[in-house]
Amino acid sequence: MQLTSLQPWTVSFTREWRRYMSLRSVLRLRDYELRSSKGKQVEGRLLELNMKWPVRGRVSLREVGSDILTFEEVMKQQVYRSILTKLPHCETVIDLGANIGLASLYFARQYPSCRLVAVEPNPDTYRMLTTNLGELVEQGRCRTVNAAVWGSEKMLVADGAQDPEHYSAFATKEANPGERSGETMKGLPVQTIINDSGFTKIDLLKVDIEGAEVELFKGDLAWLRNVNSIAIEFHGASRKECKFDELSRDYGFHIHDQEAHTVLAVRNGKSVGR
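Thresholds, definitions, all that
- Residues numbered from 1 in each chain as written.
- Predicted model: local features only at pLDDT ≥ 70, side-chain atom pairs only at ≥ 80, totals over all residues.
- Heavy atoms only, no water.
- Axes fitted to C-alpha atoms, helices over the stretch in contact; angles between N-to-C directions.
- Helix = DSSP H or I, 4+ residues; strand = E, 2+ residues; numbered from the N terminus.
- Parallel < 35°, antiparallel > 145°, perpendicular 65-115°, else oblique.
- Left-handed = near helix turned anticlockwise from the far one by under 90°.
- Contact = heavy atoms within 4.5 Å.
- Nonpolar A, V, L, I, M, F, W, Y, C, P; charged D, E, K, R; others polar.
- Core = buried A, V, L, I, M, F, W, Y, C linked by side-chain atoms within 4.5 Å.
- Buried < 20%, exposed > 50% of the residue type's maximum accessible area, 1.4 Å probe, protein only.
- Pairing = 2+ DSSP bridges.
- Salt bridge = Lys/Arg side-chain N within 4 Å of Asp/Glu carboxyl O.
- 1 Å grid on protein atoms, 1.4 Å probe; cavity = no way out; pocket = protein on both sides within 12 Å on 5 of 7 lines; lining within 4 Å.
- Points joined across faces, edges and corners; volume = space filled by probe spheres on them.
- Phe/Tyr/Trp six-rings, centres within 6.5 Å; stacked < 30°, edge-to-face > 60°.
- pLDDT = per-residue confidence, 0-100.
- Expected span 1.5 Å × (residues − 1).

1. Thoughts on the packing of helix α3 (residues 67-76) against helix α5 (residues 102-110)
Then comes step 1: Viewed as axis vectors pointing N to C, α3 and α5 meet at an angle of 15°, and their least axial separation amounts to 9 Å. Comparing their axes, α5 and α3 come out roughly parallel. α5 is crossed by α3, and the crossing has right-handed handedness. Along its contact with α3, which presents T70, F71, V74 and M75, the element α5 presents L102, A103 and Y106.
Then comes step 2: Looking at side-chain class alone, the contact of α3 with α5 contains six nonpolar, one polar and no charged residues.

2. Some points on the nonpolar core
Then comes step 1: Residues F71 and F107 are the most contacted members of the largest nonpolar core, which totals 45 residues.
Then comes step 2: L156, F234, L247 and A265 belong to the second-largest nonpolar core, a separate cluster that totals 37 residues.

3. Focus on the side chain of S248
Then comes step 1: Tracing the backbone through its elements, the reader meets S248 in helix α11 (residues 244-250).
Then comes step 2: With near-sequence residues (within four places) excluded, S248 lies in contact with F253, I255 and A265.

4. Here we look at the sheet that holds strand β8 (residues 172-174)
Then comes step 1: Read from one edge to the other, the open sheet built from four strands follows the order β6-β9-β7-β8, with strand pairing classed as mixed. Of all strands in the sheet, those bounded by a partner on one side alone are β6 (148-149) and β8.
Then comes step 2: Sheet analysis places strand β7 (residues 154-158) next to strand β9 (residues 185-188), joined by three bridges and oriented antiparallel. Bridging from a neighbouring strand, M155 pairs with K186 of β9.

5. Things to note about the pattern of salt bridges
Then comes step 1: Applying the stated rule across the entire model yields 11 salt bridges.
Then comes step 2: With a closest N to O distance of 2.8 Å, D67 and R62 form a salt bridge.
Then comes step 3: A relative accessible area of 11% places R62 in the buried class.
Then comes step 4: With its nearest N and O atoms 2.2 Å apart, the salt bridge here joins D124 to R127. Of this pair, D124 and R127 both sit in helix α6 (residues 123-132), three residues apart, which is roughly one turn of that helix.
Then comes step 5: Counted as one network, the salt bridges with shared partners bring together D31, R35, R45 and E63.

6. Digging into the layout of surface pockets
Then comes step 1: What the second largest pocket holds in volume is close to 360 Å³.
Then comes step 2: Taken together, 16 residues line the second largest pocket, and the ones lying closest to its centre are R56, G57, L105, E135 and L136.
Then comes step 3: Contributions of two or more residues to the lining of the second largest pocket are made by β2 (57-62), α5, α6 and α7 (134-138).
Then comes step 4: In terms of residue count, the dominant contributor to the lining of the second largest pocket is β2 (four residues).
Then comes step 5: Broken down by class, the residue content of the lining of the second largest pocket amounts to six nonpolar, five polar and five charged.

7. Quick word on the packing of aromatic side chains
Then comes step 1: In the structure shown here, the tally under the stated rule is nine aromatic pairs.
Then comes step 2: Relative to W17, the ring of F13 has its centre 6.4 Å away and its plane inclined at 40°; by these criteria the two rings are tilted. Separated by four residues within a single helix, F13 and W17 lie in helix α1 (residues 2-17), roughly one turn from each other. This pair shows no difference in class: F13 is buried, exactly as W17 is.

8. Re the confidence of the model for the protein
Then comes step 1: In the predicted model, the protein carries a mean pLDDT of 89, and the fraction of residues at 70 or more is 88%.
Then comes step 2: A low-confidence stretch, residues 1-5 stays under pLDDT 50, and its non-local contacts, those more than four residues away or across chains, total one contact.
Then comes step 3: Counting interchain partners and residues more than four positions distant, the pLDDT-below-50 stretch residues 163-169 has 19 contacts.

9. Looking at helix α2 (residues 23-37)
Then comes step 1: Look at α2: 21 Å from first C-alpha to last across 15 residues, which is about the 21 Å you get at 1.5 Å a residue.
Then comes step 2: Within α2 the residues assigned to the buried category are S25, V26, L29, R30, Y32 and R35.
Then comes step 3: G39 occupies a position one or two residues after α2 and carries a positive phi of about 70°.

10. Remarks on the environment of V214
Then comes step 1: Counting through the fold element by element, V214 comes out in helix α9 (residues 213-216).
Then comes step 2: A relative accessible area of 23% places V214 in the partly exposed class.
Then comes step 3: Considering only alpha carbons, one finds V214 and S238, 24 residues apart in sequence, at a separation of 6.0 Å.
Then comes step 4: Those residues in contact with V214 that lie beyond four places of it in its chain are S238, E241 and C242.

So, in structure tokens, the structure goes:
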């Protein structure tokens with residue numbers, strides 16, 4: 001009886017996801033969704049999906065936490081799709097707040113010749129990122145950095161105000177002397193990250209750093225002259241606090257902010273990626 005009631009849902013679920021992944025992966029995802037609806041996800045277990053579109057290859061997600069939400073945003077909703085129409089050419093990408101690497105995979109697939117640097121502070125999430133981006137790293141197309149973006153070089157800790165299970169929302173703060181707040185992480189200025197990348201120009205700077213946007217735009221902003229476009233997700237009042245609109249105007253960017261998820265600023269008069 002239960003099987004019969006599930007059959008129509010299974011058919012519609014399969015039709016919905018079949019274009020994105022192999023049939024076996026669709027069934028694996030279906031099993032996960034059924035267990036998740038009953039709160040039966042397993043801590044430490046990975047959900048591995050063999051993707052066909054909009055990326056190709058294996059993608060690994062943690063069963064517990066918000067990886068599945070990030071997956072649906074990037075792969076199914078394609079929250080970065082509008083960027084492709086504004087940036088037809090892209091050779092270099094720096095992904096700040098790369099999470100488990102799904103956006104980097106997406107850009108690598110859509111821009112087949114681009115090289116990437118993926119930056120992620122959360123140590124556990126960074127380990128997932130290195131798994132998902134392993135093939136790109138082996139191909140020499142990608143380098144990964146376990147660090148947070150900050151206004152200056154600092155040692156940081158996780159911000160305890162954040163839900164520790166909401167992996168995609170990982171905020172950091174400066175470590176106070178003697179504070180015991182778990183594992184410390186490097187905080188690096190974006191100029192240091194750009195210098196280490198070896199890129200002379202950044203065609204796309206993708207930013208999703210959970211409120212540290214304010215830190216990103218502190219200090220010397222000369223690095224903005226080497227960036228052709230910025231795709232940024234703001235949190236709280238950070239857009240106003242970091243004076244993003246004024247900075248964009250001063251450094252010659254045009255803002256496209258019709259999308260709810262991401263604001264895109266493209267340098268005026270530039271043919272991106274050429």
